[in-house]
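If you want the building blocks of each chain, they are given just below.
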Amino acid sequence: MNIDLAINHGSKILKNKLISNSILDSEILMAKAINKDRSFVLINSNNLLTKNDLNRFYNLIQQRALGNPVAYLTNKKFFWNSEFFVSNDTLIPRPDTELIIENVLKLTKQKNNMNILDIGVGSGCILLSILKERVNFYGTGIDISNKCLNISKLNAIKLKVSSKLKLYKTDVDKFNLGKYDLIVSNPPYIKRSKLKYLDKDVAEFEPRLALDGGLDGLSEIRKVIKKSSELIKKNGKFILEIGFDQKNKVINLLKREGFYINSTSKDLASNDRCIVSTKI
Ligand code: GLN
């Protein structure tokens, strides 16, 4: 069988399972199966596949058909300007989270030597993207998952920013090291009772630890805000990702901890997704 036929067949299998980008997914999984990139697959669509290639391909298609996200099957996800290694221990970086990077870059055009903290660093996509954009910035990432910290470390090496990065395994409550000019965080903020209604790919495959915001969805956000108000320098900026219906509640929490609200930004679906504030 040639590449083109196999991709079509794979895409039909995915389409039957109501996977929305079935052709694209099938192409990417073919590239993974034959260890080439997607452009090779498209240019060489008449190439014949070996039995092993086909077995690998159909195995990936089967996993995708069950809902396993492409990013976990390929261990890759592009975010901002870089490709990140991801595994099912980390949340898959989302385009919405790039709002944090956009806001950071806007706020730090003239700045040198900033000390940044990322609470719940995960794959490292937020912190490492900032460190790559701003050569004189230093980063600290904390997470309760050792596996995430290992992945952040690996990504920092890939992006050549590891000399500017420190990582700590700790609960946010227990972290008391340093004072920061800028704190960023994308904490878990989904209401526990809503977790089961997320897309199947998310609910069944992404780490609960990175999604579960407790009974009201704000348990982790509360901890992050409280600790940030202690760890941030006066006039330091705090940039937080939030759930689509959490803006007013989070603004109140921030004000109570001594933050001035600078702006809020909406994601690609026009949901409130990011709050920029300043410690006063
Ligand atoms: N935006 C993610 C989702 O809706 C949730 C991320 C988070 O809880 N921080 O799947």
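No experiment lies behind these values; they were computed from the predicted model shown.

Draft legend 1. Seen up close, the packing of helix H2 (residues 22-33) against helix H4 (residues 51-65). Contact geometry for H2 and H4: axes closest at 9 Å, N-to-C directions at 140°. Here H4 runs oblique to H2, going by the angle between their axes. Read as a crossing pair, H2 and H4 show a hand that is right-handed. Between H2 and H4, the residues in contact are Asp25, Ser26, Leu29, Met30, Lys32 and Ala33 and Asp53, Arg56, Phe57, Leu60, Ile61 and Arg64, respectively. Taken together, the residues of the contact of H2 with H4 sort by class into six nonpolar, one polar and five charged.

Draft legend 2. Here's a closer look at the site of the ligand. Every residue close to the ligand is listed here: Leu91, Arg94, Asn186, Pro187, Pro188, Tyr189, Ile190, Val202, Ala210 and Leu211. A distance of 2.8 Å separates a nitrogen atom of the ligand from a polar side-chain atom of Asn186. Measuring from a nitrogen atom of the ligand, one finds a backbone N or O atom of Pro187 at 2.7 Å. Relative to its free-state accessible area of 300 Å², the ligand is covered by the protein chains to the extent of 87%.

Draft legend 3. Representation of the pattern of salt bridges in the model. Enumeration over the complete set of coordinates arrives at 14 salt bridges. Put simply, Lys223 and Glu220 hold a salt bridge, and the shortest N to O gap is 3.4 Å. A residue pair is termed a helical-turn pair when its members lie 3 or 4 positions apart in one helix, as Lys223 and Glu220 do in helix H10 (residues 219-231) at three residues. Given the relative accessible area of 26%, Lys223 is considered partly exposed. Lys247 is the salt-bridge partner of Asp272, the closest N and O atoms lying 4.0 Å from each other. Taken as a pair, Asp272 in strand E9 (residues 272-279) and Lys247 in helix H11 (residues 247-256) lie far apart in primary sequence, 25 residues in all. Salt bridges sharing common partners tie together Asp25, Arg64 and Asp201.

Conventions and cut-offs
Residues numbered from 1 in each chain as written. Predicted model: local features only at pLDDT ≥ 70, side-chain atom pairs only at ≥ 80, totals over all residues. Heavy atoms only, no water. Axes fitted to C-alpha atoms, helices over the stretch in contact; angles between N-to-C directions. Helix = DSSP H or I, 4+ residues; strand = E, 2+ residues; numbered from the N terminus. Parallel < 35°, antiparallel > 145°, perpendicular 65-115°, else oblique. Left-handed = near helix turned anticlockwise from the far one by under 90°. Contact = heavy atoms within 4.5 Å. Nonpolar A, V, L, I, M, F, W, Y, C, P; charged D, E, K, R; others polar. Near = heavy atom within 4 Å. Polar contact = N/O pair within 3.5 Å; in protein donor to acceptor, adjacent residues only side chain to side chain. Areas by Shrake-Rupley, 256 points an atom, 1.4 Å probe, with all protein chains shown as cover. Salt bridge = Lys/Arg side-chain N within 4 Å of Asp/Glu carboxyl O. Buried < 20%, exposed > 50% of the residue type's maximum accessible area, 1.4 Å probe, protein only.

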